[in-house]
Amino acid sequence: MTAPLRVIFAGTPEFAATALAALLYAGFSVPLVLTQPDRPAGRGMKLQASSVKELALQHGIAVAQPRSLRLDGKYPEEAASARQALLDAKADVMVVAAYGLILPQWVLDFPPRGCLNIHASLLPRWRGAAPIHRAIEAGDSETGITIMQMDAGLDTGAMLLVERVAIAASDTTASLHDRLAELGGRMIVAALAAGGDLRATPQPSEGVNYAHKIEKAEAQIDWTQPAVEIERRLRAFDPFPGGLARLDGEAIKCWRGEVCAGAGEPGLVLGVDEHGVVVACGEQALRLTELQRAGAKRLPAQAFLQAKPIAAGARFAA
């Protein structure tokens, strides 16, 4: 009987933890996990372990959290310690999913079967840090998962497996993330099970886009944009960073909206009823259906308006 592949896993957020769980459930041996260092989080800013670290510890897996893997970089001792951990793991392959660190060439060359990446886009459409967000923001009709043989470039390696997923008109980054995470877990299990039977296909040179990391400043709503673009951005930025506007000097988070007929100065409230707050945009209007005040919960428009009435003629600012 053939022994199960020994897999080093490198990843950090929930997307990656879903893949790690799939590998463990499928019976692969995971002697080592690499993940980002614990970060301050929450109101108390206490150090919090990543989703991948929490899952690894639950299964008794060794965890390494170097701040860098560059042996000649800023943290050479941490990189050297991680290198020794990789040597001790005696793994066949490394699987990488939303790890957050650049892998230097020595890591890419280390496992006998190389490093495989689970990437949440139809490469080369969205390379980079935020492919799910940018696909929704751009109005793409579909996305998917690419299992890729990693090389020294940024998401430039040859493709081993690709599966497509339709993006629904109601999808947020949160909802699409969960579907893609489950798919990624199934696909990496299939890729490892296939061994050397998969054909590596170079990525096309056309259609390359870079999915820049989402910045908090992008939350600011520009009401001069078309309503359809603002609506997509609200869905793309849910759960982070949301859409931010100001009304009467107060910061208001806008989470959901519907494109509707209407015209006026951008940011002008054209009408208010139990269904939402209609705001004029650069083209058409947006009916805001879910809003949030600072320090409060996200609320449907009707409940929000009970706490903060808004009248037609009011003006949202960026």
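The structure displayed is predicted, hence computed values, not measured ones.

Cut-offs and rules
- Residues numbered from 1 in each chain as written.
- Predicted model: local features only at pLDDT ≥ 70, side-chain atom pairs only at ≥ 80, totals over all residues.
- Heavy atoms only, no water.
- Salt bridge = Lys/Arg side-chain N within 4 Å of Asp/Glu carboxyl O.
- Helix = DSSP H or I, 4+ residues; strand = E, 2+ residues; numbered from the N terminus.
- Buried < 20%, exposed > 50% of the residue type's maximum accessible area, 1.4 Å probe, protein only.
- Pairing = 2+ DSSP bridges.
- Contact = heavy atoms within 4.5 Å.

**Student:** An account of the pattern of salt bridges is requested, with residue identities and associated values reported.
**Tutor:** Scanning the entire structure with this criterion turns up 16 salt bridges. With a shortest N-O distance of 3.2 Å, Asp38 and Lys53 are connected by a salt bridge. Taken together, the residues span a long stretch of sequence, with Asp38 in the loop between strand E2 (29-34) and strand E3 (39-41) and Lys53 in helix H2 (residues 51-58) at a distance of 15 residues. We classify Asp38 as partly exposed; its relative accessible area is 26%. The exposure class assigned to Lys53 is buried, which follows from its relative accessible area of 13%. Here Arg164 ties to Glu142 by a salt bridge, and the two come within 2.5 Å at their closest N and O atoms.

**Student:** Would you mind going over the pairing of strand E6 (residues 93-97) in detail, with residue names and values included?
**Tutor:** The two faces of the sheet receive side chains in turn, since in a regular strand these alternate between them. When you tally the buried positions in E6, you get five out of five residues, the bulk of the element. Residues of E6 alternate between two faces, with Val93, Val95 and Ala97 on one and Met94 and Val96 on the opposite face, all of them buried. Examined bridge by bridge, strand E1 (residues 6-11) and E6 share five bridges and lie parallel to one another. The residue bridging Ala10 from the neighbouring strand is Val96, located in E6.

**Student:** Before we move on, could you go through the side chain of Thr173 and cite the residues and values that matter?
**Tutor:** Relative to the elements of secondary structure, Thr173 occurs in helix H6 (residues 173-194). Contacts of Thr173, omitting those with residues within four sequence positions, involve Ile132, His133, Ile136, Arg235, Ala236 and Asp238.

**Student:** Break down unusual backbone geometry for me, citing the residues and quoting the values.
**Tutor:** Residue Pro124 follows Leu123 across a cis peptide bond; omega there is 10 degrees. Tracing the sequence through the fold places Pro124 in the loop between strand E7 (115-119) and strand E8 (127-128). Residue Asp155 is not a glycine yet carries a positive backbone phi of 55 degrees. Its location among the elements puts Asp155 in the loop between strand E9 (142-149) and strand E10 (159-166). Phi is positive for Asp248, which is not a glycine, with a value near 55 degrees. By the secondary structure assignment, Asp248 is in the loop between strand E12 (243-247) and strand E13 (250-260). Assessed through its relative accessible area of 67%, Asp248 is described here as exposed.

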